[in-house]
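If you want the building blocks of each chain, they are given just below.
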Amino acid sequence: MDKFIVTGGTRLHGAVKVCGAKNAILPILAASLLSSGTCVIHNVPLLQDVVVMTDVLKCFGARIKWENKALIIDAKDVHPAEIPEETVKKMRASNLVLGPLLARFGYVKIPYPGGCAIGSRPMDYHVKGLQQLGADIQDGYGFIEAKSEGLMGSEIYLDFPSVGATENILMAAAMAKGVSVLRNAAREPEIVDLARFLNRMGAKIDGAGTDIIQITGVNCLGSVEHTVIPDRIVAGTFLLAAAITGGDITLINAVVDHLEPLIAKLREAGVSITKNGRGIRIKGNKGLRAVDIKTMPFPGFPTDIQPQMMALMTVARGTAVFAENIFENRFKHADELRRMGADIKVAGRIAIVKGVEKLTGAVVEASDLRAGAALVLAGLAADGVTVVENIFHIDRGYFRMEEKYAVLGANIIRVTKHNSNPYQFENFTSQREIQFPEKKRLSLIKIN
Ligand code: EPZ
């Protein structure tokens, strides 16, 4: 398993461009199954999850190629098929093919996507919404099978503004007969990007980005060219990396409106954030104040930035109370941060983070992509060396994080099993393998 070796102590500085949004491209790729033409998509992030989703599309006969850094999808000859179970287990977002395939073929059967480290992640809101559009859904024995003689527009109310359920219902209703109104819809920027993509294909969707979305079904959706929005979670991770290292960085193309919840909390903590012609500039400083965090659906504080914010709060002045209101089990990173000297107490969906003077490098494990990113940030601020294991989680949402952060001065080395010089250190005179004491605190190991 690949690892990151993170050497702390450098204040990040410089400017960086934010890649396309993982949580926008995944539903957009699923929506390309609705097209009877060709989809040309720009600013596609080169992520493991994107590779998995393109494999899913190929299962259904889509032809995919890269040309001049754009992803080109020919969905003319798409047909019903089965997705391998291991693919769905690898990535929950493969459940987003439900809506488009039901709308296009009146039939889809996918293995039930399992839960993951952060929660059980059921699909009841998806199923209920599609049933209200007229689908007959069998949900059991490890599969979801949906059939329809023709979807009919309907009034749909979501018990919770689920992002995925909103996306599946939007894609299904886009080709249903008549008008659908979706209430208590998710308002995330990725929903707006999906609706923009669908409307460019010929759909008629109004109100995306608000909690009431109206969709007037059409018979056919055609070709489209689209540029994916920047990734607000990747952008927020950079902001927190600057804050935790006391650095000074500029995000070149981040969309400020997508980051307001985080910017507000960082300012409350005492971080200086300014918006200029180039983008967003953040200057971290020592002695940040602890702030309380409640994760909420957009425009509330994003759950996908909660772990990274917790890393920052471990070295803030005072005590921060975290309430994780979206997922039932999203504090696994707390155990790992404690291994680095953090003072965190967890009780269900509440975590109490008491700021400490300093974190110390340790061997820690990533449990999901955002928890992994949080541990890298903690390592950048810690004394000594931190080994982050299971970084395949991080690769799902961050393209070559070590290279992106090296541009800002971070010292992160990727160690892969085939690497001839594992644990290479730039600041050591000679290099040979170092046996890290498993699961113990690390002090900096000098070799000559
Ligand atoms: C999307 O997941 C994102 N993934 C997640 O990002 C993000 O954390 C989440 O939205 C919340 O913002 C993608 O967009 C690919 P939900 P999704 O449906 O759609 C419960 C990351 O790190 N729920 O809004 O699966 C669910 O269990 C990932 O990039 C039901 O109970 O999230 C959760 O507790 C992690 N029944 C809550 O709702 C359902 O039918 C929010 O889930 C659906 C969801």
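Higher on the page you've got the structure.
Let me begin by describing the structure that accompanies this report. Quick caveat: nothing in here was measured; it's all calculated off a predicted structure.

**Some points on the overall build of the protein chain**
In terms of regular secondary structure, the protein chain is built from 14 helices and 23 strands. The principal-axis extent of the C-alpha atoms belonging to the protein chain is close to 70 × 45 × 45 Å. When contacts within the protein chain are restricted to residue pairs at least 6 apart in sequence, long-range pairs at least 24 apart make up 71% of them. For the protein chain, the accessible surface area stands at approximately 17500 Å², while carbon and sulfur atoms represent 51% of it. Here the protein chain contributes 53 positive and 46 negative side-chain charges, whose respective centroids are spaced 5 Å apart.

**Points about a nonpolar patch on the surface**
Together, Leu46, Trp66 and Phe399 give the surface a local cluster of nonpolar side chains, amounting to about 290 Å² of exposed area. You can see Leu46 is positioned in the loop between strand S3 (38-42) and helix H2 (48-59). By relative accessible area, which is 47% here, Leu46 ends up partly exposed.

**Some remarks on the pairing of strand S1 (residues 3-7)**
The buried fraction of S1 amounts to five of the five residues, a majority that puts the element mostly inside the structure. Burial of the side chains of S1 extends over both faces: Lys3, Ile5 and Thr7 are buried on one face and Phe4 and Val6 on the other. Here S1 runs beside strand S23 (residues 411-415); their pairing, made up of five bridges, is antiparallel. Directly across from Ile5, in S23, lies its bridge partner Ile413. By the bridge criterion, five bridges tie S1 to strand S22 (residues 385-389) in an arrangement that is antiparallel. In the strand pairing of S22, Phe4 is matched with Val388.

**Considerations on the site of the ligand**
With respect to spatial proximity, 22 residues lie near the ligand, and among them Asp124, Tyr125, Ser162, Asp304 and Ile326 are the closest. In this structure, Asp124 approaches the ligand through a side-chain N or O atom, which is 2.6 Å from a nitrogen atom. At 3.5 Å from an oxygen atom of the ligand is found a side-chain nitrogen or oxygen belonging to Arg330. Contact with the protein chains covers 89% of the free accessible surface of the ligand, which is 830 Å². Those elements that place two or more of their residues in the shell around the ligand are helix H1 (22-31), helix H5 (124-132), helix H6 (163-173) and helix H12 (369-381). Sorting elements by how many residues they give to the shell around the ligand places H5 first, with three residues.

**Section: the sheet that holds S23**
Strand pairing within a sheet occurs via backbone hydrogen bonds; the two strands may be parallel or antiparallel. With respect to topology, four strands assemble into an open sheet ordered S21-S22-S1-S23, the strand pairing being mixed. Two strands in the sheet have a free side with no partner beyond their single neighbour: strand S21 (363-365) and S23. Recorded for the sheet is a direction-independent mean angle of 25 degrees between the axes of neighbouring strands. Across three bridges, the pairing between S21 and S22 is parallel.

**Considering the packing of aromatic side chains**
Throughout the structure, instances matching the rule amount to one aromatic pair. In this structure, Lys109 packs its charged tip against the face of Phe143, placed 4.6 Å from the ring centre.

**Digging into the sheet that holds strand S8 (residues 143-147)**
On the basis of which strands lie adjacent, the open sheet formed by three strands has the order S6-S8-S7 and antiparallel pairing. A strand with exactly one partner marks an edge of an open sheet, and here the two such strands are strand S6 (107-111) and strand S7 (136-140). Pairs of neighbouring strands in the sheet enclose a mean axial angle of 5 degrees, with direction left out of account. Seen against the sheet, helix H4 (residues 98-105) touches S6 and S8 and runs at an angle of roughly 155 degrees to S6.

**Looking at the side chain of Ser35**
By the secondary structure assignment, Ser35 is in the loop between H1 and S3. You can call Ser35 buried: its relative accessible area is 0%. Here Gly37 takes part through its backbone nitrogen, which lies 2.8 Å from a polar atom of the side chain of Ser35. With residues near it in sequence (within four places) discarded, Ser35 still touches Ala75, Lys76, Arg104, Met201, Leu221, Gly222 and Ser223.

**As for the packing of H1 against H2**
Where H1 contacts H2, the axes come no closer than 10 Å and their chain directions differ by 5 degrees. Taken together, the axes of H1 and H2 lie roughly parallel to each other. Note on element contacts: H2 touches H1 through Asp49, Val50, Met53, Thr54 and Leu57, opposite Lys22, Ile25, Leu26, Leu29 and Ala30.

**Comments concerning H6**
Counting buried positions along H6 gives 10 out of 11 residues, so the element sits mostly inside the fold. Residue Ser162 occupies the N-cap position of H6, its side-chain oxygen lying 2.9 Å from the main-chain nitrogen of Ala165.

**Quick notes on empty space enclosed by the protein**
Overall, the coordinates contain three cavities of 30 Å³ or more when judged by the stated rule. The space that makes up the largest cavity amounts to roughly 80 Å³. Residue lining of the largest cavity: Lys17, Val18, Cys19, Val234, Phe238, Tyr398, Phe399, Met401, Lys404 and Tyr405, and that is the complete set. Per element, the largest residue contribution to the lining of the largest cavity is three residues, and it comes from helix H14 (residues 401-406). When grouped by side-chain class, the residues that make up the lining of the largest cavity number eight nonpolar, no polar and two charged.

What counts and how
- Residues numbered from 1 in each chain as written.
- Predicted model: local features only at pLDDT ≥ 70, side-chain atom pairs only at ≥ 80, totals over all residues.
- Heavy atoms only, no water.
- Helix = DSSP H or I, 4+ residues; strand = E, 2+ residues; numbered from the N terminus.
- Contact = heavy atoms within 4.5 Å.
- Areas by Shrake-Rupley, 256 points an atom, 1.4 Å probe, with all protein chains shown as cover.
- Lys, Arg positive; Asp, Glu negative; His and termini not counted.
- Charge placed at Lys NZ, Arg CZ, Asp CG, Glu CD.
- Patch = residues over 30% accessible without salt bridge, like charges linked within 9 Å, V, L, I, M, F, W, Y side chains within 5 Å.
- Salt bridge = Lys/Arg side-chain N within 4 Å of Asp/Glu carboxyl O.
- Buried < 20%, exposed > 50% of the residue type's maximum accessible area, 1.4 Å probe, protein only.
- Pairing = 2+ DSSP bridges.
- Near = heavy atom within 4 Å.
- Polar contact = N/O pair within 3.5 Å; in protein donor to acceptor, adjacent residues only side chain to side chain.
- Axes fitted to C-alpha atoms, helices over the stretch in contact; angles between N-to-C directions.
- Phe/Tyr/Trp six-rings, centres within 6.5 Å; stacked < 30°, edge-to-face > 60°.
- Lys NZ or Arg CZ within 6 Å of the ring centre and 35° of its normal.
- Parallel < 35°, antiparallel > 145°, perpendicular 65-115°, else oblique.
- 1 Å grid on protein atoms, 1.4 Å probe; cavity = no way out; pocket = protein on both sides within 12 Å on 5 of 7 lines; lining within 4 Å.
- Points joined across faces, edges and corners; volume = space filled by probe spheres on them.
- Nonpolar A, V, L, I, M, F, W, Y, C, P; charged D, E, K, R; others polar.

Without other data, these values stay purely geometric and don't point to any function.
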